[in-house]
Structure formats: structure tokens, C-alpha cells
Amino acid sequence: MKIITICGSLKFKEEMMEIAEKMELQGNCVLSPIYPINPDKDAYTYEEAEMLDKMHKEKIKLSDTILVVNVGSYIGESTKSEIEFAESLNKEIIYYTELQKNNR
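All values reported here derive from a predicted model rather than from experimental measurement.

For any pair of aromatic rings, the description consists of the separation of the ring centres together with the inter-plane angle of the planes. Under the defined criterion, the tally for this structure stands at one aromatic pair. One cation-aromatic arrangement involves Lys11 over Tyr74; the distance from NZ or CZ to the ring centre is 4.1 Å. Stacked on the ring of Phe85, the Lys or Arg Lys57 has its end atom at 5.9 Å from the ring centre.

Okay, here's the thing in C-alpha cells:
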């Protein structure tokens, strides 16, 4: 069993939820981002957005691995910072696009 944090753009929310389910059915503990009811990032105050970012990084600290959902190889700035943070902690990093290639 691994503890895996899902990272990626919330534009891939559906894919993230599917991946989380698959990973848990394989016996992993999955930590995922929150899925905001309002998809508009501007709905959050600066302080709220900072808190969400901080809490997601706490999830990364708890994890053995992060799984980057990079549909079409897209990685945004926020996800890049999460990858860098995970690298600084020597966490394993798995990319969704690589999983797709390996499952063919």
C-alpha cells in the first residue's frame, strides 16, 4: 500500500476522481484535492487560496507518492510547484500520461 496524493489542474476533475477510485481499488490510500463547488478560482480570497495550497502541500508531505494528472501533457504553474515540492521531499512522482502508456 502507498499513500498517493493526486495533483493536477482542476480542469481534469473527472479524470482525477476516476484515478483516485482506481488507485484505492488497487489498495492504495489516496489523498485528493478538494473539488470546489464554484470552479471560478476568483471565488476564493487570496487567504483562502493560500490555505488550500498549504493544505495540499501537507497532503504531499504525508504521501509516499504524488500522481500528476497531466491529460494531454498539460501541467499548470500550481502543479509545477507541487511537483517541485514533492521532489524536494524525495517523493516518488508518477505521471498519468505514463500510466496510460503502460496500460496499453
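Let us now look at the environment of Glu77. Within the secondary structure, Glu77 is located in helix H3 (residues 77–88). Glu77 sits 50 residues away from Gly27 along the chain, and the two C-alpha atoms are 30 Å apart.

Given a rise of 1.5 Å per residue, 17 residues ought to cover 24 Å, and the 25 Å separating the end C-alpha atoms of helix H2 (residues 46–62) matches this to within 8%. Listed as buried for H2 are His56, Lys57 and Ile60. Taken around the axis of H2, the buried residues stretch over an arc of 100 degrees, which confines them to a single face. Structural note: H2 exposes Glu47 and Leu62 on the side pointing more than 90 degrees away from its buried face.

What follows is about the nonpolar core. Looking at soluble globular proteins, one finds that nonpolar side chains tend to be buried together. If you look at the biggest cluster of nonpolar residues, it comprises 12 residues: Ile4, Ile6, Phe12, Met16, Ile19, Ala20, Met23, Val30, Leu67, Val69, Ile94 and Tyr96. At four residues, the largest contribution of residues to this core is made by helix H1 (residues 13–25). Residue contacts for Met16: discarding those within four places in its chain leaves Ile6, Cys7, Gly8, Ser9, Leu10, Pro33, Tyr35 and Val69. In this structure, Cys7, Ile60, Val68 and Ala86 belong to the second largest nonpolar core, which totals seven residues.

Let us look at the pairing of strand E1 (residues 3–8). Consecutive side chains of a regular strand alternate in pointing toward one face of the sheet and then the other. Burial within E1 is extensive, with five of its six residues counted as buried. Pairing of E1 with strand E2 (residues 29–31), which is carried by three bridges, proceeds in the parallel orientation. For Thr5, the partnering residue across the bridge sits in E2 and is Leu31. For E1 and strand E3 (residues 65–69), the ladder comprises five bridges, and the chain directions are parallel. What sits directly across from Gly8, in E3, is Val69.

Within this structure, the stated rule accounts for four salt bridges. Lys2 is paired through a salt bridge with Glu92; the nearest N and O atoms lie 2.6 Å apart. Residue Lys2 is found in the segment before E1, and its partner Glu92 is found in strand E4 (residues 92–95); the two are separated by 90 residues along the sequence. Residue Glu77 is joined to Lys80 by a salt bridge in which the shortest nitrogen-to-oxygen separation is 3.4 Å. One end of the pair, Glu77, and the other, Lys80, are both in helix H3, three residues apart, so they sit about a helical turn from each other.

Parameters at a glance
- Residues numbered from 1 in each chain as written.
- Predicted model: local features only at pLDDT ≥ 70, side-chain atom pairs only at ≥ 80, totals over all residues.
- Heavy atoms only, no water.
- Phe/Tyr/Trp six-rings, centres within 6.5 Å; stacked < 30°, edge-to-face > 60°.
- Lys NZ or Arg CZ within 6 Å of the ring centre and 35° of its normal.
- Helix = DSSP H or I, 4+ residues; strand = E, 2+ residues; numbered from the N terminus.
- Expected span 1.5 Å × (residues − 1).
- Buried < 20%, exposed > 50% of the residue type's maximum accessible area, 1.4 Å probe, protein only.
- Arc of directions from axis to C-beta.
- Core = buried A, V, L, I, M, F, W, Y, C linked by side-chain atoms within 4.5 Å.
- Contact = heavy atoms within 4.5 Å.
- Pairing = 2+ DSSP bridges.
- Salt bridge = Lys/Arg side-chain N within 4 Å of Asp/Glu carboxyl O.

What is shown is where atoms sit, not what they do.
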